[in-house]
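Single-letter residue listing:
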Amino acid sequence: MTPYARRGVHGQTVETLARRVLSGEIPEGATLDLVALQGELDVSLTALRESLKVLAAKGMVDARQKRGTFVRARSDWNLLDADVLRWQFAGGTAAGADLSLLRNLGEVRGIIEPAAIRLAAVRRTDDDLTALDEALTAMARQDGGPAHAVKADLAFHRALLAATHNELLERMEMVIESGLAHRDEIVHSSPHGEDPVPSHRAVLDAVRDRDPDAAETAMRALLDQAVRDLDLVHGTDSGAEDAQ
């Protein structure tokens, strides 16, 4: 799940097309006018076709004889692809859609991370603990600003997945990080939200003690805090919504 390189004209063309599709500006089922797009984006037809191949690989577009290139149904899109997630968050979607996507990703994290942390507690090495300690130390710094806080949080969760020593779970970082980074940018730029260090330290302490039960409990508490922080920033109550 290596993220798509965003460099050069080719990368910019991919990003522009992807965001138009994801935002609905180019709706599902629409056939693309490649000549018009070529002129509008000021790229060669070859470059445009190469960019569309990237979106085709992510299930977003396809091409058929007599029909041309068209946008596939959303149900065909690879929504767990790290680029697709990033494009949705970076595309300036409506606040409601943005929050809905964050909550969907929060539910995915709630399934993956508590189970993963149990493996990490059993399999962690001294090197894993060092990486987690360094990330937590960075998280505790108060002078780095929101960007630093986001980077430290991502490093901590990346180290947790690495500590499972399961290659497939490690790759899940690409899914988790897309939503986590966007959530962190919102929360850490807001005066609301709890101090994240104690909940992360509780997870690390349980992993250090090789206690999978305590590690899972601590991770679930951390994820609950993440939901509360997001609700405070957005002025919503997910618990009340879920009860309806």
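Just so you know, these numbers come straight off a predicted model, no measurement behind them.

## Section: unusual backbone geometry
Next, step 1: Phi at Asp42 takes a positive value of approximately 60 degrees, unusual for a residue other than glycine.
Next, step 2: Structurally, the position occupied by Asp42 is in the loop between α2 (34-41) and α3 (45-57).
Next, step 3: Exposure remark for Asp42: the relative accessible area of 68% places this residue in the exposed category.

## Details of the confidence of the model for the protein chain
Next, step 1: In the predicted model, the protein chain carries a mean pLDDT of 86, and the fraction of residues at 70 or more is 85%.
Next, step 2: Model confidence for the protein chain, summarised as mean pLDDT per element, is weakest for helix α12 (residues 238-243) at 45 and strongest for helix α10 (residues 197-208) at 97.

## Re the side chain of Arg109
Next, step 1: Looking at the secondary structure, you find Arg109 in helix α5 (residues 95-123).
Next, step 2: Residue Arg109 is classed as buried on the basis of its relative accessible area, which comes to 8%.
Next, step 3: Only 2.5 Å separates the side chain of Arg109 from the side chain of Glu113, close enough to count as a polar contact.
Next, step 4: Setting aside residues no more than four positions away along its own chain, Arg109 makes contact with Pro114, His157, Ile176, Leu180, Leu222 and Leu223.

## Considerations on the packing of aromatic side chains
Next, step 1: By the definition in use, this model includes 0 aromatic pairs.
Next, step 2: Of note, Arg67 hangs over the ring of Phe70, and the distance from its end group to the ring centre comes to 3.7 Å.

## Brief notes about the pairing of strand β1 (residues 61-64)
Next, step 1: Summarising the sheet, β1 and strand β2 (residues 68-71) pair through 4 bridges and their orientation is antiparallel. Each bridged residue has a counterpart across the sheet, and for Arg64 the counterpart in β2 is Gly68.
Next, step 2: Counting the residues in the hairpin turn of β1 and β2 gives 3 residues, including Lys66, whose phi is positive at 75 degrees.

## Structural notes on the packing of helix α1 (residues 8-23) against α3
Next, step 1: Contact geometry of α1 with α3 gives a least axis separation of 9 Å together with a crossing angle of 55 degrees. Compared by their axis directions, α1 and α3 come out oblique. Handedness of the α1/α3 crossing: right-handed. Along its contact with α1, which presents His10, Thr13, Val14, Leu17 and Ala18, the element α3 presents Ala47, Leu48, Glu50, Ser51, Leu52, Val54 and Leu55.

## Let's talk about the nonpolar core
Next, step 1: Ranked by internal contacts, the top residues of the largest apolar core, which has 23 residues, are Ile117, Leu132, Phe156, Leu160, Val203, Val207 and Met219.
Next, step 2: At the level of elements, α5, α6 (126-140), α7 (145-162), α10 and α11 (212-234) are the ones that each hand at least two residues to this core.
Next, step 3: If near-sequence neighbours (up to four positions away) are discounted, Met219 is found in contact with Glu113, Pro114, Ile117, Leu160 and Val203.
Next, step 4: Counting residues in hydrophobic clusters, the runner-up holds 22 residues, among them Ile26, Ala30, Leu55 and Met60.

The rules we used
- Residues numbered from 1 in each chain as written.
- Predicted model: local features only at pLDDT ≥ 70, side-chain atom pairs only at ≥ 80, totals over all residues.
- Heavy atoms only, no water.
- Helix = DSSP H or I, 4+ residues; strand = E, 2+ residues; numbered from the N terminus.
- Buried < 20%, exposed > 50% of the residue type's maximum accessible area, 1.4 Å probe, protein only.
- pLDDT = per-residue confidence, 0-100.
- Polar contact = N/O pair within 3.5 Å; in protein donor to acceptor, adjacent residues only side chain to side chain.
- Contact = heavy atoms within 4.5 Å.
- Phe/Tyr/Trp six-rings, centres within 6.5 Å; stacked < 30°, edge-to-face > 60°.
- Lys NZ or Arg CZ within 6 Å of the ring centre and 35° of its normal.
- Pairing = 2+ DSSP bridges.
- Axes fitted to C-alpha atoms, helices over the stretch in contact; angles between N-to-C directions.
- Parallel < 35°, antiparallel > 145°, perpendicular 65-115°, else oblique.
- Left-handed = near helix turned anticlockwise from the far one by under 90°.
- Core = buried A, V, L, I, M, F, W, Y, C linked by side-chain atoms within 4.5 Å.

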